[in-house]
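For reference, the chains in residue letters:
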Amino acid sequence: TQSTWGGMQGAILSSTMRAVLFLFFLVGAVDCKSCEFPLRLSVGSECQAPWQDLQPILKPLQPSVGFSYVLNKFNKDFQSKSDAQATMDSHAVPVIIGPGDLVVMLDHHHTLCALDLSGHSSVDVTIHICCDLSHLSESQFWDILTRENFVYLLSRNASLSDLPVPVSRSQLPQNISFQSSSSSFQDDPWRSLVGYLEDVKSNACPSNNPHCYRGFVKICDPTTDQGIPFLEFRWAYFLNDAVFFNTSLFDDPSDALTFQALFSQLLSSEADSSLWESTAASLVSLCRGSGASSYHLPNGLGLLSGMSLPGYVAPNIPVSEDPTCAAPSCTNRRSVIPKFLTHVRS
């Protein structure tokens, strides 16, 4: 009888524990709270809202995106609503609250452009509050964003083969809008190539790390463990400079001529991801060459002046997947990102 009672107790306890665990996981599975506007959330908290509600509110901090890379993301991750939701569930958008209910976004511009293109406007998007600077004046707010390198104010005024030049804040888009016939952004094909360079695959890599011979590593800032603002745009500037203005950056300058001939074809083939992927793969040797190892952006580019290329990797060295960097923060940051970051060398 005692054994039977013990078994009944165990069964009851087991049943109770299962119920408790079920409730625990049920509560844990509930989405984070819904966003209420204007945002009044503490730093570090998150909320969620349908894209159709966030789209008019989130302000980008860069004037351009790579159109081909947006299309690539759209084709891979946003064909169905369920795919779009799964993608956005893994991409919390870091934002800063500014004066006058302004909300600016620090990352995932290409991902949100792909979402906007998809038309899945009811997909829930999570935002992560990195900083609350709503108490500042507008001029103080933009001064801090500029000083912390949170805003990218370079763009091309003419040909897409030209190097980008400083532009005013008025050239930033008012929101994320990316449709088949128009966009609030300018196209930066060099930024597209950098995106494809991050995804270059090699048969020489193991199956669990197919990108081990990609162009560079998307490293974290070693002083803060946060992501390096606009890291990809530094590499995009380098590619543009090497191909059309400083071909000596190639170990074999004749390779620049080959790419110059391909460039116009790329611009007329934004949706041809295979062409962009193969072209990016051909640029890995440039990104891992001696020219990239010692490259610094020229003067006249604001805080990016003199910056090196983060995540440089010497030739023929396999690398692991990119590290996960901490979310951006307005605290414990230096006012200028270090000019010399650790390189991966043999």
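Residues numbered from 1 in each chain as written. Predicted model: local features only at pLDDT ≥ 70, side-chain atom pairs only at ≥ 80, totals over all residues. Heavy atoms only, no water.

## Focus on unusual backbone geometry
Note: most residues except glycine have negative phi, and most peptide bonds are trans.
Consideration 1: Going from phenylalanine 37 to proline 38, the amide bond is cis rather than trans, its omega being 0 degrees.
Consideration 2: Its identity is not glycine, yet asparagine 316 carries a phi of approximately 65 degrees, on the positive side.
Consideration 3: Among the secondary structure elements, asparagine 316 is positioned in the segment after α12 (290-293).
Consideration 4: Owing to a relative accessible area of 67%, asparagine 316 belongs among the exposed residues under this scheme. (Helix = DSSP H or I, 4+ residues; strand = E, 2+ residues; numbered from the N terminus. Buried < 20%, exposed > 50% of the residue type's maximum accessible area, 1.4 Å probe, protein only.)

## Some thoughts on the state of the cysteines
A covalent bond between the sulfur atoms of two cysteines is what we call a disulfide.
Consideration 1: If you walk through the whole model with that rule in mind, you get 3 disulfides.
Consideration 2: Between the sulfur atoms of cysteine 35 and its disulfide mate cysteine 47 the distance is 2.0 Å. One disulfide, between cysteine 35 and cysteine 47, carries an S-S torsion of 95 degrees and so falls in the right-handed class. You can see cysteine 35 sitting in the loop between α1 (2-29) and β1 (46-50) and its partner cysteine 47 sitting in strand β1, a full 12 residues away along the chain.
Consideration 3: According to the relative accessible area criterion, cysteine 35 is buried, its value standing at 12%.
Consideration 4: With no disulfide partner, cysteine 130 has as its closest neighbouring cysteine sulfur the one in cysteine 131, 5.7 Å distant. (Disulfide = S-S within 2.5 Å.)

## Digging into the sheet that holds β1
Consideration 1: Ordered by their spatial adjacency, 5 strands build an open sheet running β1-β6-β4-β5-β2, and the pairing between neighbours is mixed. On the outer flanks of this sheet lie β1 and β2 (58-59), each paired with one strand and no other.
Consideration 2: Bridge count for β2 against strand β5 (residues 103-105) is 2 bridges, and the pairing is parallel. Paired with leucine 58 across the two strands is valine 103, which belongs to β5.
Consideration 3: Packed onto the sheet, helix α6 (residues 138-147) meets β2, β4 (93-97) and β5 and runs at close to 140 degrees relative to β4. (Pairing = 2+ DSSP bridges. Contact = heavy atoms within 4.5 Å. Axes fitted to C-alpha atoms, helices over the stretch in contact; angles between N-to-C directions.)

## Looking at the side chain of arginine 156
Consideration 1: Turning to its location among the elements, arginine 156 is positioned in the loop between β7 (154-155) and β8 (165-166).
Consideration 2: Polar contacts involving the side chain of arginine 156 include one to the main-chain carbonyl oxygen of aspartate 162, which spans 2.6 Å.
Consideration 3: Within the structure, the side chain of arginine 156 is placed 2.7 Å from the side chain of asparagine 240, a separation counted as a polar contact. (Polar contact = N/O pair within 3.5 Å; in protein donor to acceptor, adjacent residues only side chain to side chain.)

## As for the layout of surface pockets
Consideration 1: Estimates place the volume of the largest pocket at around 1300 Å³.
Consideration 2: What lines the largest pocket is a set of 45 residues, among which His91, Asp107, His108, Lys218 and Glu232 lie closest to the centre.
Consideration 3: Mapped by element, the contributors of at least two residues to the lining of the largest pocket are α3 (67-77), β4, α5 (109-118), α7 (189-198) and α8 (231-244).
Consideration 4: Residues that form the lining of the largest pocket fall into these classes: 18 nonpolar, 14 polar and 13 charged. (1 Å grid on protein atoms, 1.4 Å probe; cavity = no way out; pocket = protein on both sides within 12 Å on 5 of 7 lines; lining within 4 Å. Points joined across faces, edges and corners; volume = space filled by probe spheres on them. Nonpolar A, V, L, I, M, F, W, Y, C, P; charged D, E, K, R; others polar.)

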